[in-house]
Amino acid sequence: SQKIEQNSEALNIQEGKTATLTCNYTNYSPAYLQWYRQDPGRGPVFLLLIRENEKEKRKERLKVTFDTTLKQSLFHITASQPADSATYLCALDPSGGYQKVTFGTGTKLQVIP
Amino acid sequence: GAVVSQHPSWVICKSGTSVKIECRSLDFQATTMFWYRQFPKQSLMLMATSNEGSKATYEQGVEKDKFLINHASLTLSTLTVTSAHPEDSSFYICSADPGTSGTYEQYFGPGTRLTVT
């Protein structure tokens, strides 16, 4: 069955360092992979989308890589700040049509001042 | 831009009663809206796709008679949880698709926390 794995344990990182979050998937061939930020008691906020034919995408301090051979995406936050503390979700979209977008359980990031 | 609101933000109801949750796109029109449910420390699970002017499409395992969805306009979709039971207590989140060509972003509402006692 299709499975998305994100590190369920919280990631604690010192302010100013680069945070790296992992999203692995099995039995899936996504056309798009998305990363969202979710704060407690709030809905997810879209951050970045990367297509299957793209290796890397950047936006300000964020960088996403997508390796369809390894079936893995890495999400990096450089120069992390306490305000970056949140849960980060990856989501796989097979076609861009949302019908079967599947979310991972998320990884909680805590940036320590 | 692309703001989605939900109302109420939280609701407590008694078992057996019905609860309506509204999802509105404030600054864009959305022909398609989505309803998700999220249990603590679990991922968002798509419940149904709501299309303006037509019947919703429900995911496997979601009871359409229990979770009534109405998408009466291009800016409003409602989810009614009928005859709610404690196991329906969850965080319900809607999202909307602006339908902008070439982009695949979903815009999520802030969520509604439902507690059934």
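Structural data are supplied above this passage.
Here is a short report on the structure shown in this document. (Residues numbered from 1 in each chain as written. Chains lettered and ligands numbered in written order. Predicted model: local features only at pLDDT ≥ 70, side-chain atom pairs only at ≥ 80, totals over all residues. Heavy atoms only, no water.)

## Considering the state of the cysteines
Residues and elements named next belong to chain A.
In step 1: In the structure shown here, the tally under the stated rule is two disulfides over all chains.
In step 2: At a sulfur-sulfur separation of 2.0 Å, the disulfide partner of C23 is C90. Between C23 and C90, the S-S torsion sits near 60 degrees, and that sign places the bridge as right-handed. Linking C23 in strand β3 (residues 19-26) with C90 in strand β9 (residues 86-93), this pair joins segments that are 67 residues apart in sequence. (Disulfide = S-S within 2.5 Å. Helix = DSSP H or I, 4+ residues; strand = E, 2+ residues; numbered from the N terminus.)

## Focus on the layout of surface pockets
In step 1: Taken as a whole, the largest pocket encloses approximately 570 Å³ of empty space.
In step 2: Forming the walls of the largest pocket are 24 residues, and the residues nearest its centre are Q38(A), T87(A), T105(A), Q38(B) and K41(B).
In step 3: Elements supplying a minimum of two residues to the lining of the largest pocket: β9 and β11 (107-112) of chain A.
In step 4: The greatest single-element share of the lining of the largest pocket, amounting to four residues, is contributed by β11(A).
In step 5: For the lining of the largest pocket, the class distribution of residues is eight nonpolar, eleven polar and five charged. (1 Å grid on protein atoms, 1.4 Å probe; cavity = no way out; pocket = protein on both sides within 12 Å on 5 of 7 lines; lining within 4 Å. Points joined across faces, edges and corners; volume = space filled by probe spheres on them. Nonpolar A, V, L, I, M, F, W, Y, C, P; charged D, E, K, R; others polar.)

## With respect to the sheet that holds strand β1 (residues 4-7) of chain B
Residues and elements named next belong to chain B.
In step 1: Strand order in the open sheet made by the four strands is β1-β3-β8-β7, with antiparallel pairing throughout. Of all the strands in the sheet, the pair left with one neighbour each is β1 and β7 (67-73). Strand-to-strand twist in this sheet, taken as the mean axis angle between neighbours without regard to direction, amounts to 15 degrees.
In step 2: With four bridges connecting them, β1 and strand β3 (residues 19-25) associate as antiparallel partners. Paired with H7 across the two strands is E22, which belongs to β3. (Pairing = 2+ DSSP bridges. Axes fitted to C-alpha atoms, helices over the stretch in contact; angles between N-to-C directions.)

## Some remarks on the interface of chain B and chain A
In step 1: Taken together, the contact between chain B and chain A spans 20 residues of the former and 20 residues of the latter.
In step 2: Carbon and sulfur atoms make up 56% of the surface buried where chain B meets chain A, a total of about 1,700 Å² over both sides.
In step 3: Joining chain B to chain A, the criterion identifies zero salt bridges.
In step 4: Taken together, the links from chain B to chain A amount to three residue pairs in polar contact (both at pLDDT 80 or more). (Contact = heavy atoms within 4.5 Å. Buried area = accessible area lost by both parts, 1.4 Å probe. Salt bridge = Lys/Arg side-chain N within 4 Å of Asp/Glu carboxyl O. Polar contact = N/O pair within 3.5 Å; in protein donor to acceptor, adjacent residues only side chain to side chain.)

## Details of the side chain of T78(B)
Residue and element names in this part refer to chain B.
In step 1: Mapped onto the fold, T78 is located in strand β8 (residues 76-81).
In step 2: T78 gets classed as buried once you look at its relative accessible area, which sits at 10%.
In step 3: When neighbours within four sequence positions are excluded, T78 is seen to be in contact with K20, I21, E22, W35, L68, I69 and N70. (Buried < 20%, exposed > 50% of the residue type's maximum accessible area, 1.4 Å probe, protein only.)

## Here we look at the packing of aromatic side chains
Residues and elements named next belong to chain B.
In step 1: Inspection of the entire model under this criterion finds eleven aromatic pairs over all chains.
In step 2: Considering the side-chain rings of F28 and Y107, the 6.1 Å spacing of their centres and the 55 degrees angle between planes classify their relative orientation as tilted. Pair noted here: F28 is in the loop between β3 and β4 (32-38) and Y107 is in strand β10 (residues 107-108), with a separation of 79 residues, a long-range link.
In step 3: Residue classification places F28 among the buried residues on the basis of a relative accessible area of 12%.
In step 4: Summarising the aromatic geometry, the rings of F67 and Y92 are spaced 6.4 Å apart at their centres and angled 40 degrees between planes, so their arrangement reads as tilted. Taken as a pair, F67 in strand β7 and Y92 in strand β9 (residues 90-97) lie far apart in primary sequence, 25 residues in all. Of the two residues, F67 and Y92, neither departs from the other in class, the shared state being buried. (Phe/Tyr/Trp six-rings, centres within 6.5 Å; stacked < 30°, edge-to-face > 60°.)

## Here's the deal with the side chain of H76(A)
All names here are of chain A.
In step 1: Examined against the element boundaries, H76 turns out to sit in strand β8 (residues 72-77).
In step 2: Within the structure, H76 has its side chain in polar contact with the side chain of T20 (distance 3.0 Å).
In step 3: Ignoring anything within four residues of it in the chain, the contact list for H76 reads T18, A19, T20, R61, L62 and K63.

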